[in-house]
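Spelled out from the first residue to the last, the chains are:
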Amino acid sequence: MATDAKALLRTEMILKVRSGQMTAKAAAEALGVSRNTYYKWERKGLQAMLAAGQDEAAGRPSRQEAAEVKALRRKVKTLSAKLEEMAQTAELRLMLRILERRDAKKKQKESSDSSP
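Residues numbered from 1 in each chain as written. Predicted model: local features only at pLDDT ≥ 70, side-chain atom pairs only at ≥ 80, totals over all residues. Heavy atoms only, no water.

**Q** What is the right way to read the nonpolar core from this model?
**A** General note: in soluble globular proteins, nonpolar side chains tend to be found buried as a group. Of all hydrophobic cores here, the largest spans 8 residues; its members are M13, I14, V17, A24, A27, A28, L31 and Y38. Counting only elements with at least two residues in this core, the list comes to α1 (3–18) and α2 (24–31). The dominant element in this core, judged by the number of residues it contributes, is α2, at 4 residues. Apart from residues no more than four positions distant in its own chain, Y38 is found in contact with M13, I14, V17, A24, A27, A28, L31 and V33. (Core = buried A, V, L, I, M, F, W, Y, C linked by side-chain atoms within 4.5 Å. Buried < 20%, exposed > 50% of the residue type's maximum accessible area, 1.4 Å probe, protein only. Helix = DSSP H or I, 4+ residues; strand = E, 2+ residues; numbered from the N terminus. Contact = heavy atoms within 4.5 Å.)

This is the structure in structure tokens:
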């Protein structure tokens, strides 16, 4: 059965159950799934129907909104690059501290070894 046909059958079963023409158990059996799976599908289907029924703003988005979105994308790109640079700087500083500590320990050991 094609995917569209399966979706249509699920929708039909959900509508029949919700209108009292069929039980959820019978719908689940007709679809070849458990009742839990049927209820999961039903919940998703009803949520999708509610979302599709929401009013949307008429027409195209304003040019001003599009310009704002572009500006925000540029800003995000810039900030992401700065964040990456800062992360690399922090990593380099950590490595430098580790090397400085190692060198300090090495010098301390050398001076204690050369002491009489």
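**Q** What's the story with the pattern of salt bridges in this structure? I'm lost.
**A** Note that side chains of opposite charge can pair when their charged atoms are close. On inspection of all chains with the given rule, the structure shows 3 salt bridges. A salt bridge links E42 to R18, with the shortest nitrogen-to-oxygen separation between them at 3.6 Å. Here R18 lies in helix α1 and E42 lies in helix α3 (residues 35–52), a separation of 24 residues in the sequence. A salt bridge links D103 to R102; the shortest N-O distance between them is 3.5 Å. You can call D103 partly exposed: its relative accessible area is 35%. Classification of R102 as exposed rests on a relative accessible area of 52%. (Salt bridge = Lys/Arg side-chain N within 4 Å of Asp/Glu carboxyl O.)

**Q** Which parts of the structure should I look at to understand α1?
**A** Turn by turn, an α-helix covers 3.6 residues, leaving residues three or four places apart pointing in a common direction. Under the 1.5 Å per step criterion, the end-to-end length of α1 is 23 Å for 16 residues, consistent within 8% with the ideal 22 Å. Listed in full, the buried residues belonging to α1 are M13, I14 and V17. Looking straight down α1, one finds its buried side chains confined to an arc of 100°; they lie on one side. Facing away from the buried surface of α1 by more than 90 degrees, the exposed residues are D4 and L8. In the core, the buried residues of α1 are packed alongside α2 and α3. After α1 finishes, the residue G20 shows a positive phi value of roughly 85°. (Expected span 1.5 Å × (residues − 1). Arc of directions from axis to C-beta.)

**Q** Would you take a moment to explain the environment of G45 for this structure?
**A** Counting through the fold element by element, G45 comes out in helix α3. Relative accessible area serves as the criterion here: at 24%, G45 is assigned to the partly exposed category. Taking the C-alpha atoms as reference, G45 lies 13 Å from K6; in sequence the two are 39 residues apart.

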